[in-house]
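Below are the chains, spelled out letter by letter.
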Amino acid sequence: MKFLHLADLHLGKSVSEFSMIRDQEAVLDLLFTLAKEEKADAVLISGDVYDKAIPSEEAVHLLDSFLNRLSQENISVLIISGNHDSDERLNFGSSLFSARGVYIAGKYEGSLQKVTLKDAQGEVDFWMLPFVKASLVRHYLPEADIESYDDAVRAAISACQPDPDRRNVLLAHQFVTGHGQDPEMAGSENQLPQAVGTIEKVGWDAFEAFDYVALGHIHTPQMVGRETIRYAGSPLKYSLSEIRREKSVPVVTLGKKGETDIRLVPITPLRDMRRIKGKLDELLDAALLTEDYIYATLTDEEIIPDAVGHLRTYYPNLMKLDYANSHTRAVMDFSFRDQQEKVSFKELMTDFYQKIRGGDISEQEWDILKGTAKEAGLIDETD
Ligand SMILES: [Mn+2]
């Protein structure tokens with residue numbers, strides 16, 4: 001049994017007001033080709049199919065065409081909802097689609113949907129856990145002792161009772177921690193309606209019954225606890241904080257019970273997201289012209305009027321611009337705590353103003369600063 005593990009497609013997403021739809025179309029093309037070439041039996045999508053509960057027409061069209069092409073190749077597709085998806089809307093047509101090998105579990109209703117696929121070695125049970133909150137599981141399993149989110153996910157899983165003699169795969173879209181360690185987040189998860197919580201997590205040992213756990217939710221590809229519990233990661237970089245992290249897709253082969261092979265295939269995006277750094281003159285070079293998404297850092301000492309406009313002639317997809325020069329270094333070196341002990345707040349602020357603005361602080365500015373610092377408890381009334 002061979003399958004591709006995908007997650008966090010976030011179809012329809014924009015980053016820094018740039019629509020990623022063409023990039024997403026290209027990456028789905030690439031993933032379809034990979035599935036076909038690998039002769040995969042199935043493609044798993046572990047939630048956050050769409051970026052929004054009401055996805056754009058373009059996003060719906062993309063998913064539709066992806067599913068159609070996979071279905072024509074007789075590749076099964078298993079999809080669960082993520083926290084960005086609307087469970088009801090994602091569920092649309094699911095009972096009809098299952099006849100064509102497209103299985104969607106958008107909504108948790110007290111039990112996990114099980115899909116059984118066959119290969120030469122026998123059958124594999126795929127268990128689908130849509131994104132859940134503790135309150136939802138408590139509602140459907142009133143008998144279970146659920147005090148935490150961890151309890152809730154464990155209760156939802158134990159209700160499904162996988163046969164330990166068969167091969168079992170779980171799809172889940174949750175925050176899973178390894179040996180007392182949180183997974184490394186990519187940054188774009190923070191833009192969730194409610195940030196990935198610190199309390200809402202479940203330990204990896206909740207998944208003992210499964211030969212492979214296909215996770216979604218965290219955008220950095222990584223294993224959690226053991227090799228076979230894994231976040232696929234988003235197929236594209238979805239925030240400037242992800243610039244250094246390359247994306248990949250796990251191609252998973254289940255042999256006999258207990259034999260699991262995982263190969264990470266790197267994903268080459270249509271347009272990369274990357275950082276460039278230098279003086280404006282050096283960067284304005286026709287040879288560097290690119291459609292990549294660019295985070296530019298200028299090392300010029302002075303702020304250059306309309307630097308963005310200039311840069312965009314060579315980097316039309318410039319997303320962010322900042323400076324790294326002696327002024328910004330002065331800000332970086334300026335450690336409030338180090339100096340706090342030695343000098344008064346007023347001296348500290350005067351010094352700060354000198355460094356940043358190259359001038360003195362005005363009476364009016366000082367009054368405002370003093371008031372704010374008192375409110376924040378940085379200084380007391382006598383200062
Ligand atoms: Mn996501």
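Since we're looking at a predicted model, the values are computed, not measured.

Visitor: Would you take a moment to explain the side chain of T290 for this structure?
Guide: By secondary structure assignment, the location of T290 is in the loop between α7 (280–283) and β18 (293–298). A residue is classified by how much of its surface remains accessible, and T290, at 13% relative accessible area, is buried. Here D292 takes part through its backbone nitrogen, which lies 3.0 Å from a polar atom of the side chain of T290. Every residue in contact with T290, bar those within four places of it in the chain, is listed here: R274, Y314, Y315 and P316.

Visitor: Please clarify how the packing of aromatic side chains should be interpreted in this entry.
Guide: The description of an aromatic ring pair uses the distance of the two centres, along with the angle that the planes make with each other. Going through the model one piece at a time under the given rule, you end up with six aromatic pairs. With 5.9 Å between their ring centres and 85° between their planes, Y108 and Y140 make a pair best called edge-to-face. Of this pair, Y108 sits in the loop between β6 (102–105) and β7 (113–119) while Y140 sits in helix α5 (residues 134–140); the two residues are 32 residues apart in sequence, bridging distant segments of the chain. A residue is classified by how much of its surface remains accessible, and Y140, at 30% relative accessible area, is partly exposed. Here the aromatic cluster, defined as three or more aromatic residues joined through ring pairs, consists of F3, F126 and Y212.

Visitor: So what exactly am I meant to see when it comes to the sheet that holds β7 here?
Guide: The strands making up a sheet associate through hydrogen bonds between their backbones, and the pairing can be parallel or antiparallel. With mixed pairing, six strands are arranged side by side in an open sheet as β7-β8-β9-β12-β14-β13. The open sheet has two edge strands, β7 and β13 (222–224), and neither has a second partner. Going from strand to strand, the sheet's axes swing by 30° on average, the running direction of each strand aside. Bridge count for β13 against strand β14 (residues 226–231) is three bridges, and the pairing is antiparallel. Bridge assignment links M223 to a residue of β14, and that residue is R230.

Visitor: Any chance you could explain the environment of A42 here in plain terms?
Guide: Examined against the element boundaries, A42 turns out to sit in strand β4 (residues 42–46). We classify A42 as buried; its relative accessible area is 0%. When the C-alpha atoms of A42 and S76 are compared, they prove to be 4.4 Å apart, with 34 residues separating the residues in sequence. Each residue touching A42, except ones within four places of it in the same chain, is listed here: K2, F3, L4, I75, S76, L78 and L117.

Visitor: What should I look at first to understand the pattern of salt bridges in this one?
Guide: Here the idea is simple: oppositely charged side chains can pair when their charged atoms come close. Under the criterion given, the structure shown has 22 salt bridges. A salt bridge links E38 to K2; its shortest N-O distance comes to 2.7 Å. One end of the pair, E38, is in the loop between α1 (21–37) and β4; the other, K2, is in strand β1 (residues 2–6), with 36 residues separating them in the sequence. E38 sits in the buried class, given a relative accessible area of 15%. For the salt bridge of E242 with K247, the shortest nitrogen-to-oxygen distance reads 2.7 Å. Assessed through its relative accessible area of 0%, E242 is described here as buried. Connected through salt bridges with shared partners, the residues K2, E38 and R263 form a single ionic network.

Visitor: What is the right way to look at the pairing of strand β9 (residues 167–173) in this model?
Guide: The side chains of a regular strand alternate, first on one face of the sheet and then on the other. Judged by how many residues are buried, β9 sits mostly within the fold: seven of seven residues are covered. The alternating pattern of β9 places R167, V169, L171 and H173 on one face and N168, L170 and A172 on the opposite face, and all of these are buried.

Visitor: Would you take a moment to explain the sheet that holds strand β16 (residues 260–266) for this structure?
Guide: Strand order in this open sheet of six strands is β6-β5-β4-β1-β15-β16, and the pairing throughout is mixed. Only two strands of the sheet have a single neighbouring strand rather than two, namely β6 and β16. Averaged over all pairs of adjacent strands, the angle between their axes in this sheet comes to 20°, without regard to strand direction. Relative to β6, strand β5 (residues 76–80) runs parallel, the two sharing four bridges. Within the sheet, the bridge partner assigned to I79 lies in β6 and is I104.

Visitor: Honestly, the domain arrangement of the protein in this entry has me stumped. Any pointers?
Guide: When the parts of a complex come together, some accessible area is lost, and that lost area is often used as the size of the interface. What the domain assignment lists for the protein is domain 1 (2–266), domain 2 (273–327) and domain 3 (334–375). If you average the C-alpha positions of domain 1 and of domain 3, the two centres end up 50 Å apart.

Visitor: Would you mind going over the coordination of the manganese ion with me for this structure?
Guide: Note on metal geometry: ideal angles are 109.5 degrees for four donors arranged tetrahedrally and 90 or 180 degrees for six donors arranged octahedrally. Bound to the manganese ion are the protein donor atoms D8 (OD), H10 (NE2), D48 (OD) and H219 (NE2), situated 2.1 to 2.4 Å from the metal. Written as a sequence motif, the donor arrangement for the manganese ion is D-x1-H-x37-D-x170-H. Highlighted residues: H10 in the loop between β1 and β2 (14–15) and H219 in the loop between β12 (212–216) and β13, separated in sequence by 209 residues. A residue is classified by how much of its surface remains accessible, and H10, at 1% relative accessible area, is buried. Residue class for H219 comes out buried when judged on its relative accessible area of 1%.

Visitor: It is not clear to me how a nonpolar patch on the surface should be interpreted in this structure. Could you clarify?
Guide: The grouping of F92, L96 and F97 at the surface amounts to a nonpolar patch, some 360 Å² of accessible area in total. With respect to the helices, strands and loops of the structure, L96 is situated in helix α4 (residues 94–97).

Visitor: Explain the confidence of the model for the protein here, please?
Guide: Residues shown with low pLDDT carry predicted positions that ought not to be read at fine detail. On average, residues of the protein carry a pLDDT of 90, and 94% of them reach 70 or more. Considering only residues more than four positions removed or in separate chains, one finds that residues 191–198, a stretch of pLDDT under 50, has 13 contacts.

Criteria and cut-off values
- Residues numbered from 1 in each chain as written.
- Predicted model: local features only at pLDDT ≥ 70, side-chain atom pairs only at ≥ 80, totals over all residues.
- Heavy atoms only, no water.
- Helix = DSSP H or I, 4+ residues; strand = E, 2+ residues; numbered from the N terminus.
- Buried < 20%, exposed > 50% of the residue type's maximum accessible area, 1.4 Å probe, protein only.
- Polar contact = N/O pair within 3.5 Å; in protein donor to acceptor, adjacent residues only side chain to side chain.
- Contact = heavy atoms within 4.5 Å.
- Phe/Tyr/Trp six-rings, centres within 6.5 Å; stacked < 30°, edge-to-face > 60°.
- Pairing = 2+ DSSP bridges.
- Axes fitted to C-alpha atoms, helices over the stretch in contact; angles between N-to-C directions.
- Salt bridge = Lys/Arg side-chain N within 4 Å of Asp/Glu carboxyl O.
- Domains from an automatic or database assignment.
- Donors = N, O, S within 2.8 Å, 3.2 Å for Na, K, Ca; no water.
- Patch = residues over 30% accessible without salt bridge, like charges linked within 9 Å, V, L, I, M, F, W, Y side chains within 5 Å.
- Areas by Shrake-Rupley, 256 points an atom, 1.4 Å probe, with all protein chains shown as cover.
- pLDDT = per-residue confidence, 0-100.

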